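A closer look at the structure
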Amino acid sequence: MNKFSRILKHLGSTRVAARRAFPSATLQAIQSCIAAGEALHRAEVRVVVEAALPFPALLRGESARARAHELFSHYRIWDTEENSGVLVYVNLADHRVEIVTDRAVGRALKRADWEAVCSTITQGFAGRIYHDGILQALAQMNQMLALHFPQSTQHKNEISNRPLIL
């Protein structure tokens, strides 16, 4: 896709479209799924859905991966006691899902594990099944994290479980 068509695609993707894809019931289900997972593991998970990149980022040709890293930093997902933060970033205009992890999680799980989670999400999204796709992927991710970061004692919730729509 050339730069001009990408810009047009992003300009046409609005927060309204993101809210249609992720209505309040889906956002609540995501929040509940994250909380349930964090009862099983010590990782801290945050989901961010963005309808489109900000215009300056589009002009720079910023990738969804670069934007995910920017948001990982902005929302301080890296700032957990055990270096166990995980960002699941969904860019609707680019049809991209990116997962950015903190050091401990990045060392414990392989790239193929994260690609499987992304694939679960994108397969659901391909059929416009946003609700089920994201929940299945979060459940899959929670199982993987529970194997490597099992909950031994109640840990404090360091990052909000509430998904964000930008």
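As a convention, each chain's residues are numbered from 1 in the sequence order in which they are written. Side-chain atom pairs in this predicted model are given and counted only at pLDDT of 80 or more, local residue features only at pLDDT of at least 70, and totals for whole chains, interfaces and linings cover all residues. Values reported for side chains reflect all heavy atoms of the structure, with hydrogen atoms and water molecules removed beforehand.

1. A word on the sheet that holds strand β1 (residues 44–50)
Stated formally: We call two strands paired when DSSP finds no fewer than two bridges between them. Under the scheme used here, helices are H or I runs from DSSP no shorter than 4 residues and strands are E runs no shorter than 2 residues, and both carry numbers assigned from the N terminus. In this description, contact between two residues means that some pair of their heavy atoms is separated by no more than 4.5 Å. Here the axes come from fitting lines to C-alpha atoms, over the contacting stretch only for helices, and the angles between their N-to-C directions go from 0 to 180 degrees.
One open sheet accounts for 4 strands, arranged β3-β2-β1-β4; its pairing is mixed. Strands with a single pairing partner mark the edges of an open sheet, and in this sheet they are β3 (96–101) and β4 (164–165). Sheet analysis places β1 next to strand β2 (residues 85–91), joined by 7 bridges and oriented parallel. Within β2, the position partnered with Val48 by the bridge is Tyr89. Together, β1, β2 and β3 form the strand contacts of helix α5 (residues 64–74), whose direction differs from that of β3 by roughly 40°. Across the face of the sheet, helix α7 (residues 111–126) comes into contact with β2 and β3 while running at roughly 150° to β3.

2. Side note on the nonpolar core
So the rule is basically this: Nonpolar cores were defined as sets of buried Ala, Val, Leu, Ile, Met, Phe, Trp, Tyr and Cys residues, with membership established by side-chain atoms within 4.5 Å. When a residue's accessible area, from a 1.4 Å probe over protein chains only, is under 20% of the maximum for its type it is buried; when over 50% it is exposed; and in between it is partly exposed.
Counting 36 residues, the largest nonpolar core has Phe22, Trp114, Ile134, Leu138, Met141 and Leu145 as its most contacted members. Elements with a contribution of two residues or more to this core: α2 (15–21), α3 (24–38), β1, β2, β3, α6 (103–108), α7 and α8 (130–148). If one sorts the elements of this core by residue count, α8 sits on top with 8 residues. Residues contacting Trp114, with those up to four places away along its chain left out, are Val86, Ile99, Thr101, Val105, Leu109, Met141, Met144 and Leu145. Within the second largest apolar cluster, 15 residues are counted, among which are Ile7, Ile77, Val100 and Ile159.

By themselves, these observations are geometric and do not establish any function.
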